[in-house]
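# Summary of structural features
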Amino acid sequence: MKSLLETALERFLPRKGVPPRLREAMRYTLLSGGKRIRPTLVLETCRALGGRTRMALPAACAVEYIHTYSLIHDDLPAMDDDDVRRGKPSNHRVFGEATAILAGDALQAAAFEALARTPDPALVAPMVRVLAQAAGAAGMVGGQQLDLSRRASLRAIHAMKTAALFSASCRLGALAAYSPREGDLARFGRHLGLAFQLVDDILDAAERGRRNFARAHGAASARRRAARELEAARAAIAFLGPKASRLERIAELVLHRNR
């Protein structure tokens, strides 16, 4: 599944007319590794609900393009000001701030171009709506703004900045499978996203900068809350029975990962 996804990420990336340096900057962060949890959720949700992978593949790439653009922008000096991403210099450290901003902008646009290549045209509009809402002002971007303000609750920040895109990933998979259980999968993704962020906070507790649940309340408290979120996630997909096994495996990886 991962090799299929990696090939598709390259295939759906715009080529014609793209300035070489901009394309290089886009590929630099997109293809630098990463867990690919969000696009995997799109594909595995579709499979669990009886859908075909080819119907979900453009949406999986779209989600990863959005996620990658957010990483490039988050690392900028005006945001989190990080010089390293996945063990390599951040995009703006290699290509400069202006090109990094443009690479993020281009990946955001590429996400919706990828969605337009969904085999069934009837799915394009609802998929665009789901991803745009999760990535926009009431989702990921809004969560980043709350994080910058330092006044909102951590749960509100996590729900918008992280869980919204996890939830959208599962919704996109459900749409690709023509499933009526989109709401159940949305809940699974939301709880999984909250657990993911709590584990991130445990792993990053020693770092200074952004607000952190584990630093504020202790790693043990964060671990207990993450476990509760995972139980809620599992409950949301209990109706799948044995077909939920791959999604449950992803949930276990989220809870027990060490990076």
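Above this note sits the structure.
A brief look at the structure comes next. Computed from a predicted structure; not experimentally measured. (Residues numbered from 1 in each chain as written. Predicted model: local features only at pLDDT ≥ 70, side-chain atom pairs only at ≥ 80, totals over all residues. Heavy atoms only, no water.)

Before going further, it helps to examine the overall build of the protein. Counting its secondary structure elements, the protein contains 13 helices and 2 strands. A compact globule built from 259 residues would reach a C-alpha radius of gyration of about 18 Å, and the protein, at 18 Å, matches this within 12%. Projecting the C-alpha coordinates of the protein onto the three principal axes gives extents of approximately 50 × 45 × 30 Å. Evaluated residue by residue, the protein yields a buried proportion of 53% over its 259 residues. Looking at charge distribution, the protein has the averaged site of its 41 positive side-chain charges lying 4 Å from that of its 26 negative ones. (Helix = DSSP H or I, 4+ residues; strand = E, 2+ residues; numbered from the N terminus. Rg over C-alpha atoms; globule rule 2.2 N^0.38 Å. Buried < 20%, exposed > 50% of the residue type's maximum accessible area, 1.4 Å probe, protein only. Lys, Arg positive; Asp, Glu negative; His and termini not counted. Charge placed at Lys NZ, Arg CZ, Asp CG, Glu CD.)

Burial in helix α1 (residues 2-11) covers these residues: Leu5, Ala8 and Leu9. Considered in projection along α1, the buried side chains sweep an arc of 105° and stay on one side of the axis. Residues Ser3 and Thr7 are exposed on α1 and point more than 90 degrees away from its buried face. Structurally, α1 contributes buried residues whose contacts are with α2 (20-30), α3 (37-48) and α4 (53-74). (Arc of directions from axis to C-beta. Contact = heavy atoms within 4.5 Å.)

So, about unusual backbone geometry. In the Ramachandran plot, arginine 36 falls in the positive-phi region, its phi being about 60° despite a non-glycine side chain. In this structure, arginine 36 sits in the loop between α2 and α3. Backbone geometry at aspartate 81 places phi at a positive 55°, although glycine is not the residue there. With respect to the secondary-structure elements, aspartate 81 resides in the loop between α4 and β1 (84-85).

Let's shift gears to the layout of surface pockets. The computed volume of the second largest pocket comes to approximately 350 Å³. Among the secondary structure elements, those contributing two or more residues to the lining of the second largest pocket are α1, α3 and α13 (245-256). Looking at the lining of the second largest pocket, the element that brings in the most residues is α13, giving 5 residues. Partitioned by chemical class, the residues of the lining of the second largest pocket number 6 nonpolar, 1 polar and 8 charged. (1 Å grid on protein atoms, 1.4 Å probe; cavity = no way out; pocket = protein on both sides within 12 Å on 5 of 7 lines; lining within 4 Å. Points joined across faces, edges and corners; volume = space filled by probe spheres on them. Nonpolar A, V, L, I, M, F, W, Y, C, P; charged D, E, K, R; others polar.)

Quick look at the side chain of serine 70 now. The residue serine 70 is located in helix α4 in this model. Serine 70 sits in the buried class, given a relative accessible area of 9%.

Our next topic: the nonpolar core. Core analysis: the largest hydrophobic core is formed by 80 residues, its most contacted members being Leu41, Tyr65, Leu131, Phe188, Leu192 and Leu247. Sorting elements by how many residues they give to this core places α4 first, with 12 residues. The residues touching leucine 41, leaving out its near neighbours within four places in the chain, are Phe166, Ser169, Cys170, Phe188, Leu192, Leu247 and Ile250. (Core = buried A, V, L, I, M, F, W, Y, C linked by side-chain atoms within 4.5 Å.)

Moving on to helix α7 (residues 124-135). Here α7 spans 16 Å end to end across 12 residues, near enough to the 16 Å set by a 1.5 Å rise per residue. Among all positions in α7, only Val124, Pro126, Met127, Val130, Leu131, Ala134 and Ala135 are buried. At its buried positions, α7 is contacted by α4, α6 (97-115), α8 (140-149), α9 (154-176) and α10 (182-203). (Expected span 1.5 Å × (residues − 1).)

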